[in-house]
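Residue-level structure breakdown
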Amino acid sequence: MGIVAGLDSSSEYTRIVVCDTDTGAVVRQGYAPHPVPENGGAGGEAAGAARRTEADPQSWLLSLGEAASGGLLEGVEAIGVSAQRNGLVPLDEAGNPVRPALVGNDRRAQTSAADLVDALGGRESWAQAVGCVPRSAQPVTKLRHLARQEPEAARRVAEVLQPHDWLVWQLLGRPHRRTTDRGEASGTGYWSAAAESWRSDLAELALGRPVRLPEVVGPAEAAGQTPEGLLISAGTGETMAAAFGLGVGVGDAVVSLGVSGSVFSVHHQALVEPNGMITSLADATGMHLPVVYTLNAVRTLRGAAELLGTDLEGLSALALKSTPGSYGLVLLPYLEGERTPDLPHTAGTLAGLRQESMKPEHLARAAFEGMLCGLVDALDVLRGRGVQVNRVFLLGPAAELPAVRSIAPALLGAQVVIPQPADYAALGAARQAAWALGVARGALSPRQPPLWPAPAGQVLDPGEELAVGQAVRQQYTAVREQTHPGAFG
């Protein structure tokens, strides 16, 4: 059919992949970091914190232009856009930003999140309304923060976009129509995944007055065409684009090993969890993407490695000298409090200390088992709501550690796939572009995306170790219940 491009504008860089529309094969790719502000070295810690939570949207365009240089997009017929999630681009009546975009996990907005929870009558009210409870990172909370802390700027806000919305709008030549997709909309805190519609009253609650919101277009629809006639697909957030690029479907779950962790799966309906443990997002295909977050993942491994005077690779090697169950040593990895279960003010716990267990290799293995058991707790929240999990994609650099590969399948209780490293968000954006292009030409159905091959990766089965993994889980659960009885209700 031709070639399409997918671009991923993350918090730090733009990556572009140009793919064959029929096979998904990457034929060209480009990369450029976002430019650093000229005053990037000044201002000390406070300025550094602001740079992590604010960005000039023009920097995303400059990065995009550099990544696309050298004729990278020559012959491309459609572009899909993926971008960092949870950003807020507040615009005035003329469509100009009233201030730099608010991005990242802005901890300055924690108080605003609590204000919003109270304003609607508690966590359950929010969960029922939009499938999530406000967090500091979400656009709805950023709106409240703006209203409270920058009232002059807030009074000039006429409409709000997210980074992917803004980039699509710029590529289209800034038309009167502004668009987003259901995946990106579902993370705002003012769009209901269950009702598939905006809750503009909640955006008004946050800002203190009405604000315009973009039109939500369908997964296979085009947002429009550039002045040169290039088709631009709906686009989506990085999480949804990565799931689409990986080919995640019903029966699959994705476990992401960052400093903190997340677990999500594709499901046929929006899930509402009264305490907000599940964040009910939409995916890039018309399905739903329930997500459960943990605060502690690789930070647990880094803490243990520092305690033992080694690095992550050394910690992995030590852990493999121990045996399943770590000689009775159990680490509850709640080093920064925890979100799943909801224990924001707790600390980690090391239990089972005996003379025979007080060895570096047993502590190392307890760190891996504790981290993974914490993520299995999150996975079990989804399983408990009827989400089918037959296969788990394990993402993040820590997935390459031999101890993770050895321990994870038995604890997760499913086949584990560790995909080869790639920018799956950019690939997902390209696949979406191919879908929209095919639908526009009558070659594809709006209900069936292009069937690109699954990414290469290592497949690990629990096999005979499944019973051993269940025993380790029981040991962990017993300590958790004794230490935090009823943590999961």
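Coordinates for the structure precede this section.
Quick look at the structure, then.

Parameters at a glance
- Within each chain, residue numbers correspond to sequence positions counted from 1 in written order.
- This being a predicted model, a pLDDT of at least 70 is required before a residue's local features are given, and a value of 80 or more before pairs of side-chain atoms are given or counted; all residues contribute to the totals for chains, interfaces and linings.
- Heavy atoms throughout the structure, all of them, feed into the side-chain values; hydrogens and water do not.
- Strands qualify as paired when DSSP identifies two bridges or more between them.
- Segments assigned H or I by DSSP are reported as helices when at least four residues long, segments assigned E as strands when at least two residues long, and all are numbered from the N terminus.
- Convention adopted: a line fitted to C-alpha atoms gives each axis, helices being fitted over their contacting stretch, and angles between N-to-C directions are expressed from 0 to 180 degrees.
- Whether two aromatic rings pair depends on their centres lying within 6.5 Å, for rings of Phe, Tyr and Trp, where Trp uses its six-membered ring; planes under 30 degrees apart make the pair stacked, over 60 edge-to-face, and the rest tilted.
- Each residue is placed in one exposure class: buried if its accessible area under a 1.4 Å probe, protein chains only, is under 20% of its type's maximum, exposed if it is over 50%, and partly exposed if it falls in between.
- By the convention used here, residues are in contact when the closest approach between their heavy atoms is within 4.5 Å.
- In the cavity and pocket records, a cavity denotes points on a 1 Å grid over the protein atoms alone where a 1.4 Å probe fits but cannot get out, a pocket denotes an open set with protein on both sides within 12 Å along at least 5 of 7 lines, and lining residues are residues with an atom within 4 Å of a point.
- Grid points are joined across faces, edges and corners, and a volume is the space filled by probe spheres set on the points.
- Amino acid classes used here: Ala, Val, Leu, Ile, Met, Phe, Trp, Tyr, Cys and Pro are nonpolar; Asp, Glu, Lys and Arg are charged; the rest, including Gly, are polar.
- We call a crossing left-handed when the near helix sits turned anticlockwise from the far one by less than a right angle, and right-handed when that turn is clockwise.
- Exposure above 30% relative accessible area and no salt bridge define the residues that can form patches, which grow by joining like charges within 9 Å and nonpolar side chains of Val, Leu, Ile, Met, Phe, Trp and Tyr within 5 Å.
- Here the Shrake-Rupley method, with its probe set to 1.4 Å, supplies the accessible areas, and only the displayed protein chains count as covering residues.
- One speaks of a salt bridge when a side-chain nitrogen belonging to Lys or Arg is within 4 Å of a carboxyl oxygen belonging to Asp or Glu.
- What sets the label is the angle itself: under 35 degrees gives roughly parallel, over 145 gives roughly antiparallel, 65 to 115 gives roughly perpendicular, and the rest give oblique.

Overall, mixed pairing links the 7 strands, which are arranged β18-β19-β17-β16-β22-β23-β24 in an open sheet. Edge strands, defined here as strands with exactly one partner in the open sheet, are β18 (279-282) and β24 (457-460). Between one strand axis and the next, the sheet turns by 25° as a mean value, whatever way the strands run. One ladder, built from 6 bridges, connects strand β16 (residues 251-257) with strand β22 (residues 389-395); its direction is parallel. Along β22, the bridge assignment pairs Val254 with Phe393.

Throughout the structure, instances matching the rule amount to 4 aromatic pairs. Between Tyr13 and Tyr31, the aromatic rings sit 5.5 Å apart at their centres with planes inclined by 40°, giving tilted as the arrangement. With a gap of 18 residues between them, Tyr13 in strand β2 (residues 13-20) and Tyr31 in strand β3 (residues 26-33) connect regions that are remote in the sequence. Classification of Tyr31 by relative accessible area gives partly exposed; the value is 43%.

With that out of the way, let us pick up the environment of Arg52. The residue Arg52 is located in helix α1 (residues 44-53) in this model. Separated by 174 residues in sequence, Arg52 and Thr226 have C-alpha atoms that sit 31 Å apart. When residues no more than four places from it in sequence are discounted, the contact partners of Arg52 are Val103 and Gly104.

If you walk through the whole model with that rule in mind, you get 5 cavities of 30 Å³ or more. Empty space within the largest cavity amounts to approximately 50 Å³. The greatest single-element share of the lining of the largest cavity, amounting to 4 residues, is contributed by helix α13 (residues 360-383). The class makeup of the residues in the lining of the largest cavity is 7 nonpolar, 2 polar and 1 charged.

The subject of this paragraph is the packing of α13 against helix α14 (residues 402-412). The description of two packed helices rests on the angle between their axes and on the distance between the axes. Relative orientation of the contacting elements α13 and α14 amounts to 35°, with a least axis distance of 10 Å. As for the relative orientation of α13 and α14, their crossing is right-handed in sense. Residues Arg365, Phe368, Glu369, Met371, Leu372, Cys373, Val376, Leu379 and Arg383 of α13 form the contact with α14, whose own contacting residues are Ala403, Val404, Ile407, Ala408, Leu411 and Leu412. Among the residues forming the contact of α13 with α14, the class breakdown is 12 nonpolar, no polar and 3 charged.

A cluster of nonpolar side chains, namely Leu350, Leu353 and Met358, defines an oily patch on the protein surface of about 300 Å² accessible area. With respect to the helices and strands, Met358 occurs in the loop between β21 (349-351) and α13.

For the rest of this paragraph, the subject is helix α10 (residues 238-246). The element α10 is extensively covered by neighbouring structure, given that 7 of its 9 residues are classed as buried. Within α10 the residues assigned to the buried category are Met240, Ala241, Ala242, Ala243, Phe244, Gly245 and Leu246. With its phi angle positive at about 80°, Gly247 sits one or two positions after the end of α10.

What follows covers the layout of surface pockets. The computed volume of the second largest pocket comes to approximately 470 Å³. Lining the second largest pocket are 26 residues, and of these Gly245, Tyr424, Leu427, Pro453 and Pro455 sit closest to its centre. Contributions of two or more residues to the lining of the second largest pocket are made by β2, β3, α10, β22 and α15 (424-440). The class makeup of the residues in the lining of the second largest pocket is 16 nonpolar, 6 polar and 4 charged.

This paragraph deals with the pattern of salt bridges. Throughout the structure, instances matching the rule amount to 21 salt bridges. One salt bridge connects Asp423 with Arg15, and the closest N-O pair in it is separated by 3.4 Å. Residue Asp423 is found in the loop between β23 (415-419) and α15, and its partner Arg15 is found in strand β2; the two are separated by 408 residues along the sequence. Looking at Arg15, the relative accessible area reads 25%, which means it is partly exposed. The residue Glu54 makes a salt bridge to Arg99 at a minimum N-O spacing of 2.9 Å. Highlighted residues: Glu54 in strand β4 (residues 54-55) and Arg99 in the loop between β6 (89-91) and β7 (101-102), separated in sequence by 45 residues. The class of Arg99 is buried, set by a relative accessible area of 11%. Salt bridges sharing partners connect three or more residues here, namely Asp377, Asp380, Arg383, Arg473, Arg480 and Glu481.

Time to look at the packing of helix α12 (residues 312-319) against α13. Their axes nearest at 7 Å, the elements α12 and α13 cross at an angle of 105°. It follows from the interaxial angle that α12 and α13 lie roughly perpendicular. Contact with α12, carried on its side by Leu315, Ser316, Leu318 and Ala319, involves Pro360, Glu361, Ala364, Arg365 and Phe368 of α13 and no other residues of that element. Of the residues in the contact of α12 with α13, the class split is 6 nonpolar, 1 polar and 2 charged.

For the bond from Thr340 to Pro341, the omega torsion is 5°, close enough to zero to count as cis. Secondary-structure assignment places Pro341 in the loop between β20 (330-332) and β21. Although it is not a glycine, Asn86 sits at a positive phi angle of roughly 70°. Checked against the element boundaries, Asn86 lands in the loop between β5 (76-83) and β6. Overall, Asn86 belongs to the buried group, its relative accessible area being 10%. The backbone of Glu196 sits at a positive phi, close to 55°, despite the residue not being glycine. Structurally, the position occupied by Glu196 is in the loop between β10 (191-192) and β11 (197-198).

So yeah, pure geometry; function would need other evidence.
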